[in-house]
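Examination of the molecular architecture
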Amino acid sequence: MKPYAATITVHVVLHLSSKQSRTIYCRINLSVPVLDRFYNQEDTRPDFRLSRESLAVLLNLLDQDRRHGWGATIEILVFTFWLPSGASYRLVSRVFVMPRSTVHTIVHRVTEEVVAIRHQVIHLPKTPEDLEAVSRGFAGLARHRAFLKAVGAIDGCHIHIKCPSGPDAALMAVCDHQGCFIDTYVGWPGSVHDARVLRHSPLYRQLVYPPPGHFILADGGYPCLQRPLPLITPYKRPVRGVGAQRFNSHHSRARSIIERALGMMKTRFRAIFLQALEVHHTFLPHVVTACAVLHNICLSAGDIVAPVDEPEDDGAEDGRGGWVGGSQWCSLAGPTVI
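This write-up is about the structure you can find in this document. Numbering of residues starts from 1 in every chain and runs along the sequence as written. With pLDDT at 70 or above as the cut-off, local features in this predicted model cover only qualifying residues; side-chain atom pairs require 80 or more to be listed or tallied, and sums for whole chains, interfaces and linings still use all residues. Computation of side-chain values covers all heavy atoms of the structure but excludes hydrogens and water.

1. Focus on the overall build of the chain
Selection criterion: The numbering of helices and of strands both runs from the N terminus, where a helix is a DSSP run of H or I of at least 4 residues and a strand a run of E of at least 2. Each accessible area is a Shrake-Rupley result for a 1.4 Å probe, and residues are judged covered by the shown protein chains and nothing else.
Tallying secondary structure elements over the chain gives 14 helices and nine strands in all. Summed over its atoms, the accessible surface of the chain is roughly 16900 Å², and 51% of this surface lies on carbon and sulfur atoms.

Following this line, the structure appears as structure tokens:
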């Protein structure tokens, strides 16, 4: 009888001293290729689309010391293999050589655990110094001091679900000057207009951000608002006058950071955002939120993937795709201070 190869159960007692002993619940079976590559310190990005540093940060944040079952590391590997690949539970079960029902349980459990830590990873600026850094960053992106009060950029994207799982969904996200998400809202049907999603979001209704005198940058799909949520949009076309054209140019330079952030997330998790997802519509918001959490974790770990499609109004384009270093990402995003 062939054992499940992700882990082979062996109850062994190691005698550390005359008075101490430790029980090993299982050991890793390195005949599984994906585990062999991981535990032999090979590059993890081809299999999991996350660097080894990002996986370490995720493990540390979850802080799950499981003394039974498959172990926290194995479960996170299963989850991070499934998430960017969008593979069926049957395929993942074959890759890790474990029961399909176990893969389903692991994916749902780890997704909920990642969503539970979202406020540790996705959050508004916590201190006046953080807020000032964000505002100066947006002024640097725009290359104009008129944007020193900009403290976020907002945009939305559409997530497809394969019928008959349910209706498509819409994601609304706000990011800072570095492309880290500071607020996300997902769950409304994809057919709903961005402006309506905004009006029903907690960010709009709770009036906690941005602070008085500051504003968020948005594209023409959103209304230009002064209250309750200050939004600055570009001049509508046809644009008349040199001043309006210059304003739109500076506005586009600063606001395009949210397009790059969403583009990075879509590139890393292509199966979630660029294909029809095969999950129940009630589970979809949790999956998308988990993607946003992992996006921020990757940025904090210097794990950068260049968006496949750069926004049209960007000043500089890398044009190569694939993985780039943090300094290269900063050069794409422009200066952070002025």
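2. Describing helix H11 (residues 242-268)
Note the cut-off: By definition here, a helix of n residues has an expected span of 1.5 Å times n minus one. The angle between axes fitted to the seven-residue stretch ending at a residue and the seven-residue stretch beginning at it gives the bend at that residue.
End to end, H11 covers 39 Å across 27 residues, agreeing with the expected 39 Å (1.5 Å per residue, within 8%). Its maximal kink placed at alanine 254, H11 deviates by approximately 30 degrees.

3. Looking at the packing of H11 against helix H13 (residues 284-300)
Between two packed helices, both the angle of their axes relative to each other and the distance between the axes serve to describe the pair. So the rule is basically this: Inter-axis angles, ranging from 0 to 180 degrees, are taken between N-to-C directions of lines fitted to C-alpha atoms, where helices are fitted over the stretch in contact. By definition in this entry, angles of less than 35 degrees are roughly parallel, angles greater than 145 are roughly antiparallel, angles of 65 to 115 are roughly perpendicular, and the rest are oblique. Residues are treated as being in contact if the distance between any of their heavy atoms lies within 4.5 Å. Amino acids outside the nonpolar list (Ala, Val, Leu, Ile, Met, Phe, Trp, Tyr, Cys, Pro) and the charged list (Asp, Glu, Lys, Arg) are all regarded as polar, and Gly is one of them.
It is at 10 Å that the axes of H11 and H13 come closest, and there the two elements cross at 105 degrees. The angle between H11 and H13 falls in the class roughly perpendicular. Between H11, through Ala261, Met264, Met265 and Arg268, and H13, the contact on the second element is made entirely by Cys291, Ala292, His295, Cys298 and Leu299. Residue composition of the contact of H11 with H13, grouped by class: seven nonpolar, one polar and one charged.

4. A look at the nonpolar core
One recurring pattern in soluble globular proteins: nonpolar side chains tend to sit buried together. This is how it is decided: For our purposes a nonpolar core is just a set of buried Ala, Val, Leu, Ile, Met, Phe, Trp, Tyr and Cys residues, chained together by side-chain atoms within 4.5 Å. The buried label applies to any residue whose accessible area, calculated with a 1.4 Å probe on protein chains only, is under 20% of its type's maximum; exposed applies above 50%, and partly exposed to all values in between.
One finds Phe96, Phe181 and Phe273 to be the most contacted residues of the largest nonpolar core, which totals 90 residues. In terms of residue count, the dominant contributor to this core is H13 (ten residues).

5. Side note on the packing of aromatic side chains
To describe a pair of aromatic rings, one takes the distance between the centres and the angle between the planes. Under the convention used in this document: Here is the rule: rings of Phe, Tyr and Trp (six-membered ring for Trp) pair when centre to centre is within 6.5 Å. Planes less than 30 degrees apart are stacked, more than 60 are edge-to-face, and the remainder are tilted.
Enumeration over the complete set of coordinates arrives at seven aromatic pairs. Aromatic side chains phenylalanine 48 and phenylalanine 81 sit 6.4 Å apart centroid to centroid with 75 degrees between the ring planes, which places their arrangement in the edge-to-face category. In this pair, phenylalanine 48 sits in helix H2 (residues 45-48) while phenylalanine 81 sits in helix H4 (residues 72-85), placing the two residues 33 residues apart along the sequence. Overall, the relative accessible area of 1% leaves phenylalanine 48 in the buried class. These aromatic residues form a ring-pair network of at least three members: Phe38, Tyr39, Phe48, Phe81 and Phe96.

6. Brief notes about the pairing of strand S5 (residues 181-189)
In regular strands, side chains alternate between the two faces of the sheet. Put simply, the test is: At least two DSSP bridges between two strands are needed for those strands to be called paired.
Pairing analysis gives six bridges linking strand S4 (residues 169-175) to S5, with the strands arranged antiparallel. For cysteine 175, the partnering residue across the bridge sits in S5 and is phenylalanine 181. Connecting the antiparallel pair S4 and S5 is a turn made up of five residues, with glycine 179 showing a positive phi of about 90 degrees.

7. Details of the side chain of threonine 44
Checked against the element boundaries, threonine 44 lands in the loop between helix H1 (33-39) and H2. A relative accessible area of 2% means that threonine 44 is categorised as buried.

8. Quick word on unusual backbone geometry
A cis geometry characterises the amide bond from tyrosine 209 onward to proline 210, with omega recorded as 0 degrees. Among the secondary structure elements, proline 210 is positioned in the loop between helix H10 (202-206) and strand S6 (215-217). Here the amide bond leading from arginine 227 into proline 228 is cis, since omega sits at 0 degrees, within 30 degrees of zero. Of note, the phi angle at glutamine 41 is positive, near 60 degrees, even though the residue is not glycine. Following the sequence through the fold, glutamine 41 ends up in the loop between H1 and H2. Here glutamine 41 falls in the exposed class, since its relative accessible area comes to 58%.

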